[in-house]
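Fold and contact review
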Amino acid sequence: MNYRETVEYLFNSTPVFEHVGASAYKEGLSNSLALDAHFGHPHRTFKSIHIAGTNGKGSCSHSIASVLQSAGYKVGLYTSPHLIDFRERIRVNGICISEQAVVDFVEQERAFFEPLHPSFFELTTALAFKYFAEQNVDFAVVEVGLGGRLDCTNIITPILSIITNISLDHTQFLGDTLEKIAREKAGIIKRSVPVVIGESTEQTRQVFQNQADKQGAPITFAEDAFRVCDSISFAGQLIVYRTPNNGELQSDLGGVYQRKNMNTVLCALDQLREMGILKGEECVRDGLAHVCERTGLMGRWQQIQSNPTVICDTGHNVGGWEYLSKQLNDLRCRQLRIVFGMVDDKDIDTVMSLLPASAQYYFTRATTQRAIPAQHVKEISLRFKLQGETFPTVAEAYQQALEDADKDDFIFVGGSSYIVADFLSFLHQMKHVHYN
């Protein structure tokens, strides 16, 4: 098989959550442990940092990886989902795993893993850990796929655990209250391993504290640390943070929601400094200023063009849209145009209630079985007095928005990671976005 055929095999022969949702979810670690044993426990050859949470995992993972790279380390980065190419999920120093490495893994190992009937994510995690070991990485930053306690990444014993925040998402798997979800995500807290909690609530704080006490794990609540005093955004892209310990720090991650992520990241970097892993301030300053460039992060308030301004963002649940809606409502532009769609396991009614009423909408659906039909999205939107039309594909919706727009308009593309994935894939085909 060539690379394209291999990726199709992975998507078609294993249950893929991005495509089919709940039926792809496998509870328990038995497959992950079997794969890990088969490959000789590759995750034991490198130090790891484990990151869970409802929102902000990707931004925090890429930021920490960028700082470690700036400090001179060889860094593996495992995240999900991908936006354009499967290989984005597995990177070393920002460079995607090679096509040949993916092909070789499947061809050489399928006789072992096929009888296990692993999920797509179980298999991808095994590939990532094996690849990082082969590449002799110093550190791997590992993003949890779903939850924490039973997530297949949870076979690792990291040097640092991070839980960004908790909101109601994936309730069919993790529980229908914040406490239940926090309990699942607190499952990544390991014996004597420091843990940083980015944001907590009255309901979740005690859950995290109890688990940390039970494991003898030193716990830091980032919201108590006030590592970020203030932030200034320039054109919604470059952000300057004022900090009590690091002075002014620049970041290339746009979006007002990044302020809380930055607070979490700085607390995590404090832990790495105490361990002697980071020395001096320059690697922090340089790493945070060049996250996207160094790690390939896309889809976080990412600007595509100006005149009209085009931004995309992967915020896809209520927690994310509480920030995105505020930023969109605060925009100063002639007309806000929003290309929008969602998938079927999200609270679309609450998200719709947060959307700007003054915008012109281009309702569409992503190319995933879980996408809500555009006509149904429009029908829901009418309850919230939102104005717009439907389009069969993200590309057609975007092209119409661009055709309608004046140079002083603002076009936003989002609502789902899969909407952004289709959008960036379309631009990549048109050669309007850089991709490595």
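Residues numbered from 1 in each chain as written. Predicted model: local features only at pLDDT ≥ 70, side-chain atom pairs only at ≥ 80, totals over all residues. Heavy atoms only, no water.

Where we set the bar: UniProt positions are given in the numbering used here, feature names are shortened, and annotations may be inferred rather than shown by experiment.
Per an unreviewed UniProt entry, the protein carries the name Dihydrofolate synthase/folylpolyglutamate synthase and comes from Hoylesella enoeca. The UniProt entry for the protein carries the following comment under Sequence similarities (unreviewed entry): "Belongs to the folylpolyglutamate synthase family." Note on the protein: under the UniProt heading Cofactor (unreviewed entry), the record states "Mg(2+)".

1. A short note on the packing of aromatic side chains
Selection rule: Working definition: rings of Phe, Tyr and Trp (its six-membered ring) pair if their centres are within 6.5 Å, and the pair is stacked with planes under 30 degrees apart, edge-to-face with planes over 60 apart, and tilted otherwise.
Evaluated as defined, the whole model comprises 17 aromatic pairs. Among the aromatic side chains, those forming a connected cluster through ring pairs are F46, Y78, F121, F129 and F132.

2. Section: the sheet that holds strand β12 (residues 302–305)
Keep this limit in mind: Strands are labelled as partners when DSSP assigns at least two bridges between them. The numbering of helices and of strands both runs from the N terminus, where a helix is a DSSP run of H or I of at least 4 residues and a strand a run of E of at least 2. Every axis corresponds to a line fitted to the C-alpha atoms, with the helix fit spanning only the stretch in contact, and the corresponding angles, defined between N-to-C directions, vary from 0 to 180 degrees. Here a residue-residue contact requires only that any non-hydrogen atoms of the pair lie within 4.5 Å.
Ordered in space as β12-β13-β17-β14-β15-β16, the six strands form an open sheet in which the pairing is mixed. Edge strands, defined here as strands with exactly one partner in the open sheet, are β12 and β16 (387–390). When strand polarity is set aside, the average angle formed by the axes of neighbouring strands in this sheet is 20 degrees. Along the sheet face, helix α14 (residues 318–329) touches β13 (309–313), β14 (336–340) and β17 (410–414) and points at about 170 degrees away from the line of β17.

3. Examining the state of the cysteines
The test is simple: Defined by distance alone, a disulfide is two cysteine sulfur atoms within 2.5 Å. Each residue is assigned to one of three classes by its accessible area relative to the maximum for its type, calculated with a 1.4 Å probe on protein chains only: buried under 20%, partly exposed between the two thresholds, exposed over 50%.
Applying the stated criterion across every chain yields a total of zero disulfides. For C152, which is in no disulfide, the shortest distance to another cysteine sulfur is to C96 and amounts to 20 Å. By relative accessible area, C152 is classed as buried at 6%. Residue C229 stays outside any disulfide, its sulfur separated by 12 Å from that of C267, the closest cysteine. Exposure remark for C229: the relative accessible area of 46% places this residue in the partly exposed category.

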